[in-house]
Amino acid sequence: MKTNNLLITGGAGFIGSHVVRFFVNKYREYQIFNLDELTYAGNLENLKDVEDSPNYTFIKGNINNEDFIDQLFIKYRFDGVIHLAAESHVDRSIKDPLAFVRTNVIGTINLLNAFKACWQDNFEGKRFYHISTDEVYGTLGETGLFTERTAYDPNSPYSASKASSDHFVRAYGETYGLPYVISNCSNNYGPNQFPEKLIPLFINNILNNKPLPVYGDGNYTRDWLYVIDHALAIDLVFHKGKNKETYNLGGFNEWKNIDLVTLLCKQMDDKLGKPIGTSEKLITYVKDRPGHDLRYAIDATKINKELGWGPSVTFEEGLSKTIDWYLSNEEWLNHVTSGDYQKYYLKQYS
Ligand code: NAD
Ligand code: TYD
């Protein structure tokens, strides 16, 4: 699989920015277009180091705007799409489910329609890659793993919207022959993550001596994957994954929230030169998230066997690198928490 004009949606976000950087640096012969609406989660400061690359173009725009998306495909004839743009935070989806339907479901269908209109005479060599989440599978009990054959059973408006978009991608494959791949990944962590998600939120709160709000009893379990390992997997699936297949991606790395937070507190104390136990005192148990999934755990055997992919760092190493990044990128964090990062687009692109 090779591509000429590659569209990456949501490239200013957390995972998307790592994917854009990786592809821009590795595939000099591709023209890479990053389409992003720059919602609160989009931050072009994530991509300062590649913004002047000759094979990179940023386009500000909304995937919910059908006409705009159609015109964009007519203009650039993207032969590859890696679709990451989404509303991605479960807690926000509980407050405003419709925003998730608009972007995650309708936005995805707009992209599918434009891609189909462009290539339906000959889909040969084209590829639509939809990035999804393990949350579509719902929740596990104490044992078991999600495989590619696990039935969808989403519990939050976020996971329901992602499940819906996965189904549409698959349906376009069956109905119109649209060539696609999907991957469903576990929780990502690493540099550039917006501090509303567990790990960056808690790093920021420790730095500001604020409480660490652990939902419920803290005994919820997630599988964690370092974001750069996700970008490596996306490269492999995009180029070598089989048409119409799904790949589960995970770190073989399950942590109960409270154990993860305790490890994070220890590493933070160590790096900040504080007595061990200082940050743990900030842990505060708060009201649980409604519909909170007990446990996610991924069986990533398929991609491991077929494409030779596996996580490259242990969680302790990845977490340590992540904390180091936040500690040495205080300006990024300050801009994000103050809202100043949203001025960067005007400064850079007006
Ligand atoms: P993010 O919230 O950090 O970034 C999303 C990006 O999409 C932002 O740059 C935002 O501006 C952009 N965007 C949002 N709505 C848009 C719209 N209507 N039009 C154009 N752009 C829009 O998200 P993330 O954590 O980087 O996740 C990226 C993708 O990976 C999502 O599809 C998510 O479901 C999936 N995913 C995330 C995780 C995780 O742990 N973060 C795990 C598995 C899968
Ligand atoms: P999060 O980072 O929001 O990812 P997801 O909901 O997609 O798994 O949350 C990870 C886990 O941490 C999840 O079980 C909810 C929990 N959590 C807290 O306990 N407190 C918090 O402030 C946040 C944001 C999450």
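Presented here is a report on the structure given in the accompanying data block.

What counts, and where the lines are drawn
Residues numbered from 1 in each chain as written. Chains lettered and ligands numbered in written order. Predicted model: local features only at pLDDT ≥ 70, side-chain atom pairs only at ≥ 80, totals over all residues. Heavy atoms only, no water. Phe/Tyr/Trp six-rings, centres within 6.5 Å; stacked < 30°, edge-to-face > 60°. Helix = DSSP H or I, 4+ residues; strand = E, 2+ residues; numbered from the N terminus. Buried < 20%, exposed > 50% of the residue type's maximum accessible area, 1.4 Å probe, protein only. Lys NZ or Arg CZ within 6 Å of the ring centre and 35° of its normal. Near = heavy atom within 4 Å. Polar contact = N/O pair within 3.5 Å; in protein donor to acceptor, adjacent residues only side chain to side chain. Areas by Shrake-Rupley, 256 points an atom, 1.4 Å probe, with all protein chains shown as cover. Nonpolar A, V, L, I, M, F, W, Y, C, P; charged D, E, K, R; others polar. Pairing = 2+ DSSP bridges. Axes fitted to C-alpha atoms, helices over the stretch in contact; angles between N-to-C directions. Contact = heavy atoms within 4.5 Å. Right-handed = clockwise from strand over helix to strand, strands pointing away. Core = buried A, V, L, I, M, F, W, Y, C linked by side-chain atoms within 4.5 Å.

**Digging into the packing of aromatic side chains**
Going through the model one piece at a time under the given rule, you end up with 25 aromatic pairs. Taking the centre distance of 5.4 Å and the plane angle of 65° together, the rings of F33 and F78 count as edge-to-face. Here F78 lies in the loop between α2 (66-76) and β4 (80-83) and F33 lies in strand β2 (residues 31-36), a separation of 45 residues in the sequence. Assessed through its relative accessible area of 6%, F33 is described here as buried. Note that K116 overlies the ring of Y176, its terminal NZ or CZ placed 4.5 Å from the centroid. A cation over an aromatic ring shows up here: K302 above the ring of Y247, its NZ or CZ 4.7 Å from the ring centre.

**Here's the deal with the site of ligand 2**
Surrounding ligand 2, one finds 18 residues, the nearest of these being E135, P213, R222, R289 and H292. Contact distances for ligand 2 include 2.8 Å between an oxygen atom and a side-chain N or O atom of R222. Starting from 510 Å² of accessible surface for ligand 2 in isolation, the protein chains cover 96%. Of all the secondary-structure elements, those providing two or more residues to the shell around ligand 2 are α6 (198-207) and β8 (212-215). Across the shell around ligand 2, the residue classes tally to nine nonpolar, four polar and five charged.

**With respect to the sheet that holds β4**
Pairing within the open sheet is parallel, and its seven strands lie in the order β3-β2-β1-β4-β5-β6-β10. The open sheet terminates on both sides in strands that have one partner only, identified here as β3 (56-60) and β10 (245-249). Taken over all neighbouring pairs, the strand axes of this sheet differ in orientation by 15° on average, direction set aside. By the bridge criterion, six bridges tie strand β5 (residues 127-133) to strand β6 (residues 180-185) in an arrangement that is parallel. In the sheet register, I131 faces β6, and the bridge partner there is S183. Here helix α5 (residues 157-176) sits on the sheet and contacts β5 and β6; the angle it forms with β5, its principal contact strand, is near 155°.

**What to know about the pairing of strand β1 (residues 5-9)**
Consecutive side chains along a regular strand alternate between the two faces of the sheet. β1 sits mainly inside the fold: five of its five residues count as buried. Where burial is concerned, the two faces of β1 agree: the one with N5, L7 and T9 and the one with L6 and I8 are both buried. Pairing of β1 with β2 involves five bridges; the strand directions are parallel. In the sheet register, I8 faces β2, and the bridge partner there is N34. Regarding topology, helix α1 (residues 14-26) serves as the crossover connection from β1 to the parallel β2, and that connection is right-handed. The pairing of β1 with β4 spans four bridges and is classified as parallel. Following the sheet pairing, I8 is matched in β4 by I82.

**Observations regarding the nonpolar core**
Counting 46 residues, the largest nonpolar core has I8, F23, I82, I234 and I303 as its most contacted members. For this core, the elements supplying multiple residues, two or more each, are β1, α1, β3, β5, β6, α7 (227-240), β10 and α9 (301-307). If near-sequence neighbours (up to four positions away) are discounted, F23 is found in contact with L6, I8, I32, I82, I234, D235, F238 and H239. Y226, V261, L319 and L333 belong to the second-largest nonpolar core, a separate cluster that totals 31 residues.

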